[in-house]
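Coordinate inspection notes
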Amino acid sequence: MADPSIADGSFVWTLFPFGPPHRPELPGPARHIAYVLARNSRQRPAQALLAYTSSGPWRGASPAPPLGVIEFSATEAKALRQRPFHIDLRCLAQVPVTSAWFPDLEQPDHGVVAVAGTRHQVRIERAFEQLVARNRHLIEMRGSR
Amino acid sequence: MPNPSTPPKTGVTVRLAPEVHERLKQLAETEHRSVSGYLEALVEREVAARDEAERVIRVHVAAELAGRPFGDPDRRPGETEKSYARRKKTIDTLFGR
């Protein structure tokens, strides 16, 4: 049974789906920490909306992180018992809360490695709002619809 | 006369294989550009394409959830109506509702 402890704001071990050469609708090939942007527990199984995370600072083509990329400094990351990392809200996954997608779901901590505080959650949500509100044509669904 | 508000361009040396250079000359002619101007346009197009690609949100949808919309997100303990409505609106927009 899905556990409600994987709540919004959790950083959790997942098999985050990747694009080519992997299939975007299937669990990814390696364990990866993702951020839980939202959850719907009324569905059976419950669903989660995940955002991709990556260690280290932003390393993209642009000199500064683009809208949707949120860096966590060494200090901020340490408060979450993590190394510096960034969240990329432009890379999301809609997945069921099952062991197929959350490999540690049956463990006592359900694979949750940290939970963002309210301040960080609000910061992430505001960036997500701005990102999504820009233009519907900039949202691309991959996999099953 | 150079525009004082426009910084001068930086030169870059590019070495190409003769056959690539010949092909480049042909392509540049089709756009009525010099080879140098054509290369500059190519670089600008590539940079613009990368910038555009960085703006796209990609949502990977699990096979098990085909045809199943995300629905309404869980309400957080103690969350105000206003905050919940704001979050719900963002989710709805993402999924085109």
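1. Looking at the overall build of chain A
- Along chain A, the regular secondary structure elements total two helices and seven strands.
- Reading the secondary structure of chain A in the N-to-C direction produces β-β-β-β-α-β-β-α-β.
- A compact globule built from 145 residues would reach a C-alpha radius of gyration of about 15 Å, and chain A, at 15 Å, matches this within 12%.
- With respect to the three principal axes, the spread of C-alpha positions in chain A is 45 × 35 × 30 Å.
- Split into buried and exposed, the 145 residues of chain A put 39% on the buried side.
- Considering only contacts within chain A whose residues lie at least 6 apart along the sequence, 61% involve residues at least 24 apart.

2. Overview of the domain arrangement of chain B
- Domain annotation for chain B reports domain 1 (18-53) and domain 2 (69-94).
- Computed from C-alpha coordinates alone, the two centres of domain 1 of chain B and domain 2 of chain B are separated by 47 Å.

3. Things to note about the nonpolar core
- Counting residues in hydrophobic clusters, the biggest one holds 42 residues, and the most contacted among them are A:Val12, A:Ala34, A:Tyr35, A:Leu37, A:Leu50, A:Ala51 and A:Leu92.
- Going through the elements one at a time, β1 (10-14), β2 (32-40), β3 (47-55), β4 (69-72), β5 (85-96) and α2 (118-133) of chain A together with β1 (57-61) and α3 (81-94) of chain B are the ones with two or more residues in this core.
- In this structure A:Ala51 touches A:Ala34, A:Tyr35, A:Leu37, A:Ile87, A:Asp88, A:Leu89 and A:Leu92, once residues within four positions along its chain are discounted.

4. Overview of the pairing of β1(A)
Residue and element names in this part refer to chain A.
- Of all five residues making up β1, five are buried, and the element is well covered by its neighbours.
- Of the two faces of β1, the one lined by Ser10, Val12 and Thr14 and the one lined by Phe11 and Trp13 are each fully buried.
- Of the strand pairs in this sheet, β1 and β2 are connected by four bridges, and their pairing is antiparallel. Directly across from Thr14, in β2, lies its bridge partner His32.

5. Some thoughts on the confidence of the model for chain B
Residue and element names in this part refer to chain B.
- Looking at chain B as a whole, its pLDDT mean stands at 87, while 91% of the residues score no less than 70.
- Averaged pLDDT values for the elements of chain B fall to 82 in helix α2 (residues 35-53) and rise to 94 in α3.
- Quick note on the complex model: pTM equals 0.78, ipTM equals 0.89.

6. Considering the packing of α2(A) against α3(B)
- In contact at an axis separation of 10 Å, α2(A) and α3(B) are set at 35° when each is read in the N-to-C sense. Read as a crossing pair, α2(A) and α3(B) show a hand that is left-handed. From α2(A), A:Glu125, A:Phe128, A:Glu129, A:Val132 and A:Ala133 reach across to α3(B), where they touch B:Arg87, B:Thr90, B:Thr93 and B:Leu94.
- Considering only residue class, the contact of α2(A) with α3(B) consists of four nonpolar, two polar and three charged.

7. A closer look at helix α1 (residues 18-30) of chain B
- An ideal rise of 1.5 Å per residue puts 18 Å on 13 residues; α1(B) measures up with 19 Å between its terminal C-alpha atoms.
- Taking burial as the measure, the 13 residues of α1(B) include zero buried ones, a minor fraction of the element.

8. Digging into unusual backbone geometry
- With omega at -5°, the peptide bond leading from A:Arg44 into A:Pro45 counts as cis.
- For A:Pro45, the position within the fold is in the loop between β2 and β3.
- Even without a glycine there, the phi angle at A:Arg81 is positive, about 60°.
- With respect to the helices and strands, the residue A:Arg81 is situated in the loop between α1 (74-79) and β5.
- The class for A:Arg81 is exposed, based on 9 C-beta atoms found within 10 Å.
- Even without being a glycine, B:His32 presents a positive backbone phi close to 55°.
- The exposure class assigned to B:His32 is exposed, which follows from the 8 C-beta atoms found within 10 Å.

Cut-offs applied
Residues numbered from 1 in each chain as written. Chains lettered and ligands numbered in written order. Predicted model: local features only at pLDDT ≥ 70, side-chain atom pairs only at ≥ 80, totals over all residues. Helix = DSSP H or I, 4+ residues; strand = E, 2+ residues; numbered from the N terminus. Rg over C-alpha atoms; globule rule 2.2 N^0.38 Å. Buried ≥ 20, exposed ≤ 12 C-beta atoms within 10 Å, placed from the backbone. Contact = placed C-beta atoms within 7 Å. Domains from an automatic or database assignment. Core = buried A, V, L, I, M, F, W, Y, C linked by C-beta atoms within 7 Å. Pairing = 2+ DSSP bridges. pLDDT = per-residue confidence, 0-100. Axes fitted to C-alpha atoms, helices over the stretch in contact; angles between N-to-C directions. Left-handed = near helix turned anticlockwise from the far one by under 90°. Nonpolar A, V, L, I, M, F, W, Y, C, P; charged D, E, K, R; others polar. Expected span 1.5 Å × (residues − 1).

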